[in-house]
Amino acid sequence: MHVFVVLCRLAWRYLWRNHRRTIVMLSAIAIGAWAMIFMTALTRGMVDQMIVDGISVIPGHVLIHDPDYLDDPSVNNRVALSDAELDERFGGAGFAGWSSRVRVPAIVTSERESRGVTLLGIDPEAERSFAFFDYDDVDGRFLEAPDDKGVVLGAKLADTLETRVGKRVVLMSQDPDNEIADRGFRVVGLFHAEMDATEESFAFVGKRTAQDMLRIGDSVSEVVFVGDDYRDVEPVYEKVAALVDDSVRVSRWTEVDTYLGTMMGMMDGFMLIWVIVIFLALSFGLVNTLVMAVFERIREIGLMLALGMKPAMILGQIIIESMMLLAVGLLIGDVLAWVTIKPLEGGIDISIVAEGMEMFGASSTLYPSFDIDDVILANVVVMILGFLASLSPAWRASRYEPVEAITKV
Amino acid sequence: MTAVRCIDLCKTYRQGDQDIKALDHLSIDIEKGEFVCLMSPSGGGKTTLLNAIGGLDIPDSGEVWIADERIDQMSKGQLADLRLANIGFVFQAYNLIPVLSAQENVEFVMQVQGVPAAKRRDKSYAILEEVGLKGLETRRPAEMSGGQQQRVAVARAIVSRPELVLADEPTANLDSKTSAELMKLFTELNEHHNTTFIIATHDQRVQAYAKRLVRMLDGRIVGDAEQHAA
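Residues numbered from 1 in each chain as written. Chains lettered and ligands numbered in written order. Predicted model: local features only at pLDDT ≥ 70, side-chain atom pairs only at ≥ 80, totals over all residues.

A. Looking closely at the overall build of chain A. In terms of regular secondary structure, chain A is built from 15 helices and twelve strands. The C-alpha radius of gyration of chain A comes to 31 Å, more than 25% above the 22 Å expected for a compact globule of 409 residues. Along the three orthogonal principal directions, the C-alpha set of chain A runs to about 100 × 45 × 30 Å. Taken across its 409 residues, chain A has 45% of its residues classed as buried. (Helix = DSSP H or I, 4+ residues; strand = E, 2+ residues; numbered from the N terminus. Rg over C-alpha atoms; globule rule 2.2 N^0.38 Å. Buried ≥ 20, exposed ≤ 12 C-beta atoms within 10 Å, placed from the backbone.)

In structure tokens, the structure reads:
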């Protein structure tokens, strides 16, 4: 321990011997750390938003389907459990939110246009807490009960169909016998979503009404469950899996929306690559600083060896010096990142590029996310890589022969 | 009791196309408490001998013993331990660690040795007072004269009471008055603490202080005589 104290004192003093060089290097590390964290916060915010938007549309963190439903989401592939059985199994299981729904492809036709949509037959009260839009923000009204006879369309879809609240549309799909199942609905509301694509894709009707139209009794296409955190769905998944048998398939949201699932997995990998790329740029400066610091004190290193310091202590001193430089630089960078990201967490309006962003599922507001895990990752990776980068100059310094080092001119 | 024993030491350096014999079958015994001055013109081998005795340089052949330990076969780590515990060094220049104050420089060896902080502090203040540097404890080397720096180096060399002090051209950068003061300090320490001093120099003024004068030429001892010190 006493040796560590000596080495720390020497390392710190030597760091500030050439304070101009140290300040330049500290600035580079701080800006590098800030760039790592800031860029990660922006990217993380964008991806998080895409995932949140995506999940809210699925919706649910864990889902139950017929085993063939994900390959063929037709009315024939329904969950082999009736509404009553679902209530019995999941009603008192203590989920944060759950709901069963009918979800089939359909065509909606106004008097002017037709469009393919996903028909969602829902229990409005059961889904209120995790719906991707606020029922109160709907133009007109939202569905009031499972047997509501109205339909709620997206505002964009209504534009396309040239219809509006109060007018009638026809929804058409297939029943289990592959016969046309259709019904006229009055448009009772228009919902708004972050993205036009969402507004164009869904038509909401009451679950009971959908079941009647499709002639499927009280069966449903899917059951959705919501947990506390979309990143950690295992507790919900395990709970659901324990309550069902092999007649249904239990999926995490990452399995249902593989694009978003892959995106979340890639995000961590992307972050690591980003951190490493920035560090590689920094490492040239770091190694150069250490090499210069060693080079200009070869005689002093020789003196220390002559006085009885072991080569390992010289090695340790140079590494500690590098670690101190990195630690201070990272600390400044972390604080800088926090100070610059926090005020932006309310959202950055990027509507100027909204159309381009929407192409890959992002909305027009970017919410940077200062995630402590990302900060820790950036710091740990830089410290580890910095340690590795400083090994070479430190090793060289420790290999000097004292008698040669002392006489070095 | 023998403090240093060198037996048949040889050391050859390559300089361009030439082989320079820095030590040529050199043998010498130095008793504990002796005050020895190694005299030679430049290139005579005195620094090489000093480095071999201090474990800073390994001879090509021969044996080096410090007290009853043979050091020429020791590892780098063992040599570092030996230097730390038993040998004090004073070099011609670049003697101090520039980022440490006078007191911290003196404490340095003790700190590496693991001496408790309070004891280190007391000893370093006392020794700095003994070498006449009271009041200059917080000064960095760059804020002191050459003579003061050498005194700090001497203080550091003797503060942990090593059995052996090796000094290589300690007066080379000093004026005659400061040189005399330094040599007087060496002789006092030699007498008061019975520390063995081996000083390599070609400064004629220094030899007057030595009790034993060893003359070297081309890596060999050409004269070895006791004398009455000044």
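B. Focus on the nonpolar core. If you look at the biggest cluster of nonpolar residues, it comprises 118 residues, and the most contacted ones within it are Ala33(A) and Leu38(B). The biggest single contributor to this core is helix α12 (residues 311–341) of chain A, with eleven residues. Of all hydrophobic cores here, the second largest spans 63 residues; its members include Val152(A), Phe202(A), Ile216(A) and Val220(A). (Core = buried A, V, L, I, M, F, W, Y, C linked by C-beta atoms within 7 Å.)

C. View of the pairing of strand β8 (residues 196–201) of chain B. All names here are of chain B. Of all six residues making up β8, six are buried, and the element is well covered by its neighbours. Residues of β8 alternate between two faces, with Thr196, Ile198 and Ala200 on one and Phe197, Ile199 and Thr201 on the opposite face, all of them buried. For strand β3 (residues 35–39) and β8, the ladder comprises five bridges, and the chain directions are parallel. Looking across to β8, one finds that valine 36 is bridged to isoleucine 198. Note that strand β7 (residues 164–168) and β8 share five bridges and pair parallel. When the sheet's bridge partners are listed, leucine 166 is paired in β8 with isoleucine 198. Handedness of the crossover is the feature at issue here: the chain leaves β7, passes through helix α6 (residues 176–193), returns alongside β8, and the resulting connection is right-handed. (Pairing = 2+ DSSP bridges. Right-handed = clockwise from strand over helix to strand, strands pointing away.)

D. Up close: the sheet that holds strand β4 (residues 61–66) of chain B. All names here are of chain B. One open sheet holds the four strands; their spatial order is β2-β1-β4-β5, and the pairing between them is antiparallel. Two strands bound the open sheet, and with one partner strand each, they are β2 (18–31) and β5 (69–70). Bridge count for strand β1 (residues 2–15) against β4 is five bridges, and the pairing is antiparallel. Within β4, the position partnered with valine 4 by the bridge is isoleucine 66.

E. Layout of the sheet that holds β7(B). All names here are of chain B. The mixed open sheet is built from six strands, whose spatial order is β6-β7-β8-β3-β9-β10. With one partner strand each, in any of the chains shown, β6 (87–90) and β10 (220–226) form the two edges of the open sheet. Strand-to-strand twist of the sheet, defined as the mean angle between neighbouring strand axes without regard to direction, takes the value 15 degrees. Packed onto the sheet, helix α1 (residues 46–53) meets β3, β7, β8 and β9 (212–217) and runs at close to 150 degrees relative to β8. Relative to the sheet, helix α5 (residues 146–158) contacts β6 and β7, its axis offset from that of β6 by approximately 170 degrees. (Axes fitted to C-alpha atoms, helices over the stretch in contact; angles between N-to-C directions. Contact = placed C-beta atoms within 7 Å.)

F. Quick look at the interface of chain A and chain B. The interface is formed by 20 residues belonging to chain A together with 20 residues belonging to chain B. Sorting the residues of the side of chain A that touches chain B by element identifies α1 (2–15), α11 (298–307) and α15 (402–406) of chain A as the ones contributing at least two each. When its residues are assigned to classes, the side of chain A that touches chain B shows 13 nonpolar, two polar and five charged. (Nonpolar A, V, L, I, M, F, W, Y, C, P; charged D, E, K, R; others polar.)

G. Quick look at α11(A). In terms of burial, α11(A) is a largely internal element, seven of the ten residues being buried. Residues Ile301(A), Gly302(A), Leu303(A), Met304(A), Leu305(A), Ala306(A) and Leu307(A) constitute the buried set of α11(A). Those residues of α11(A) hidden inside the fold are in contact with α12, α14 (372–398) and α15 of chain A together with α2 (76–86), β6 and α3 (102–113) of chain B. Once α11(A) ends, the next one or two residues include Gly308(A), with phi positive near 120 degrees.

H. Unusual backbone geometry, seen in detail. Phi is positive for Arg215(A), close to 60 degrees, though the residue is something other than glycine. Looking at where Arg215(A) falls in the secondary structure, it is placed in the loop between α7 (207–214) and β9 (222–226). Notably, His25(B) is not glycine yet its phi reads approximately 50 degrees, a positive angle. By secondary structure assignment, the location of His25(B) is in strand β2. According to the C-beta neighbour criterion, His25(B) is partly exposed, with 14 such atoms within 10 Å.

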